[in-house]
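# A closer look at the structure
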Amino acid sequence: MYNSIVIGSGIAGSVVARQLAEKGGHKVLVVEKRDHIGGNCYDRLDAYGILVHEYGPHIFHTNMEDVFAYLSRFTEWTLYENGHQVVADVNGSLIPIPFNLNTLHCVYDSSMADELEKKLIHAYGKGSSVAIMKLRENPDPQIQAIAQYVYENIFLQYTMKQWGQTPEEIDPAVTGRVPVLISYDNRYFQDKYQGVPKNGYTELFTRMLDHENISVQTGTDAKEILDFQDHAILLGGQAFTGNVIFTGALDELYDCRYGRLPYRSLRFEFAHFAQEDFQNGHSVVNYTVSEEFTRITEFKHLTRQKDAEGTTIIREYPFAYTGAPGEIPYYAIMNAENEAQYQKYKQLTKQYANMYLLGRLAEYQYYNIDAMTKKALDLADQLTGC
Ligand code: UDP
């Protein structure tokens, strides 16, 4: 009776489900193992009435007009007029991140900063952005000194905490997400649209999945209803020939037969304070040279919630995912060895002509919300022939 079964209700699963139901007229079953929809974007009111992101801060940002328009069908937005801004706590001083010309003037005296600014502009052009690992290759001793400052005070220890590896050891695309900006731009992202859904992500997902052709079954592991046999996926003992869109961890689907794919996980520590503000108006403070946690997010500044008393924060403590009950794989650790292991799992999927892999977990990739939305829209187009 279903044309498509979607496993997982995060951004990947929910967008593809909605599109298959609406554009393709498919009867869609969404199977979600947690007791709620929305994947890691899920948010909820805490005991103090403050909207918190259960699985860490999720800020939407995009330059893709089509993605913004699409998601705007399901939510209004709290857009940040001056973009999302982050500071780093470096030995008690707060400096803007990404490192930019404002940061340069925070850390050097003004005549030195003026001189270095000219050098950076001459070398890279005003308004450009340079990955830290590229900046370190610049032969000019003064630029090297800046690069060394940024490397030591912003990237090295944060990256060690987040990944358990140095910036040299991880995929350069990861540190490249936060380049050095040769401009006076304090925004963390350079995208046109930046913000959060006005009434939260959970409402966005609820509206997206609210369609007559979509049934959602939470609290259900896909393997409870689907039987992945050799060359066929069975539903209720019969071969299911519709589409199966899988957004979960691929190694776990195949009982980790080639070993566990490495992921980084996070332990979150929430704290509430009976005071108006905890970090001076800053929504996110990165701890780049101290502490065991990577960052503190203060939700009311992130969501601009006005009607709550007190304030709630979240601290993020990274660790290596082991697969123990209750742990969540958040970040794929992308390198050649892990990719080769992932490809072995992907190869197993080829036996199912009707199975599609989508999402951070299933594709073993580091996607932002907007890129994920785009991929899900594209897959739905492919499957509906639109
Ligand atoms: N990073 C860092 N210091 C910072 C911010 C980022 O070293 O203050 C590095 C770190 O390796 C991190 C990566 O840049 O994992 C990407 O940061 P981003 O903020 O995009 O990570 P996310 O929000 O996705 O966890």
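One structure accompanies this document, and this report is about it. (Residues numbered from 1 in each chain as written. Predicted model: local features only at pLDDT ≥ 70, side-chain atom pairs only at ≥ 80, totals over all residues. Heavy atoms only, no water.)

## A look at the site of the ligand
- Around the ligand there are 15 residues in total, and Trp163, Arg177, Tyr188, Tyr331 and Tyr366 lie nearest to it.
- One of the side-chain nitrogen or oxygen atoms of tryptophan 163 is found 2.8 Å away from an oxygen atom of the ligand.
- Arginine 295 is positioned such that a nitrogen or oxygen atom in its side chain is 3.0 Å from an oxygen atom of the ligand.
- In terms of residue class, the shell around the ligand is built from nine nonpolar, four polar and two charged. (Near = heavy atom within 4 Å. Polar contact = N/O pair within 3.5 Å; in protein donor to acceptor, adjacent residues only side chain to side chain. Nonpolar A, V, L, I, M, F, W, Y, C, P; charged D, E, K, R; others polar.)

## Re the environment of glutamate 54
- Mapping glutamate 54 onto the fold places it in the loop between β4 (51-53) and β5 (60-62).
- Expressed as a C-alpha distance, the spacing of glutamate 54 and glycine 39, which sit 15 residues apart in the sequence, is 9.8 Å.
- Not counting the four nearest positions on each side in its chain, glutamate 54 is found in contact with Tyr42, Asp43, Arg44, Phe268 and Phe270.
- A polar contact of 2.3 Å, which involves the side chain of glutamate 54, links it to the side chain of arginine 44. (Helix = DSSP H or I, 4+ residues; strand = E, 2+ residues; numbered from the N terminus. Contact = heavy atoms within 4.5 Å.)

## As for helix α8 (residues 201-209)
- Along α8, the residues classified as buried are Tyr201, Thr202, Leu204, Phe205, Met208 and Leu209. Seen end-on, α8 carries its buried residues on one side only, within an arc spanning 155°. (Buried < 20%, exposed > 50% of the residue type's maximum accessible area, 1.4 Å probe, protein only. Arc of directions from axis to C-beta.)

## Some words on unusual backbone geometry
- With an omega of -5°, the peptide bond running from isoleucine 97 to proline 98 counts as cis.
- When you line up the elements, proline 98 lands in the loop between β8 (93-97) and α3 (101-107).
- Notably, asparagine 280 is not glycine yet its phi reads approximately 55°, a positive angle.
- Positionally, asparagine 280 belongs in the loop between β17 (263-273) and β18 (284-287).
- Its identity as a non-glycine residue notwithstanding, arginine 304 has a phi of 65°, on the positive side.
- Mapping arginine 304 onto the fold places it in the loop between α11 (299-303) and β20 (311-320).
- By relative accessible area, arginine 304 is classed as partly exposed at 30%.

## Let's talk about the side chain of asparagine 213
- Turning to its location among the elements, asparagine 213 is positioned in the loop between α8 and β12 (214-217).
- The class for asparagine 213 is buried, based on a relative accessible area of 12%.
- At a separation of 3.1 Å, a polar atom in the side chain of asparagine 213 contacts the side chain of lysine 27.
- Other than its neighbours up to four places away in sequence, asparagine 213 contacts Ala21, Gly25, His26, Lys27 and Val28.

## Examining empty space enclosed by the protein
- Taken as a whole and judged by the stated rule, the model has one cavity of 30 Å³ or more.
- Volume-wise, the largest cavity comes out at about 50 Å³.
- Looking at the largest cavity, the residues that line it are Trp163, Gln165, Glu169, Ile170, Asp171, Val174, Ile333, Met334 and Asn335.
- Classifying every residue of the lining of the largest cavity gives five nonpolar, two polar and two charged. (1 Å grid on protein atoms, 1.4 Å probe; cavity = no way out; pocket = protein on both sides within 12 Å on 5 of 7 lines; lining within 4 Å. Points joined across faces, edges and corners; volume = space filled by probe spheres on them.)

Treat this as a map of the structure, not an account of what it does.
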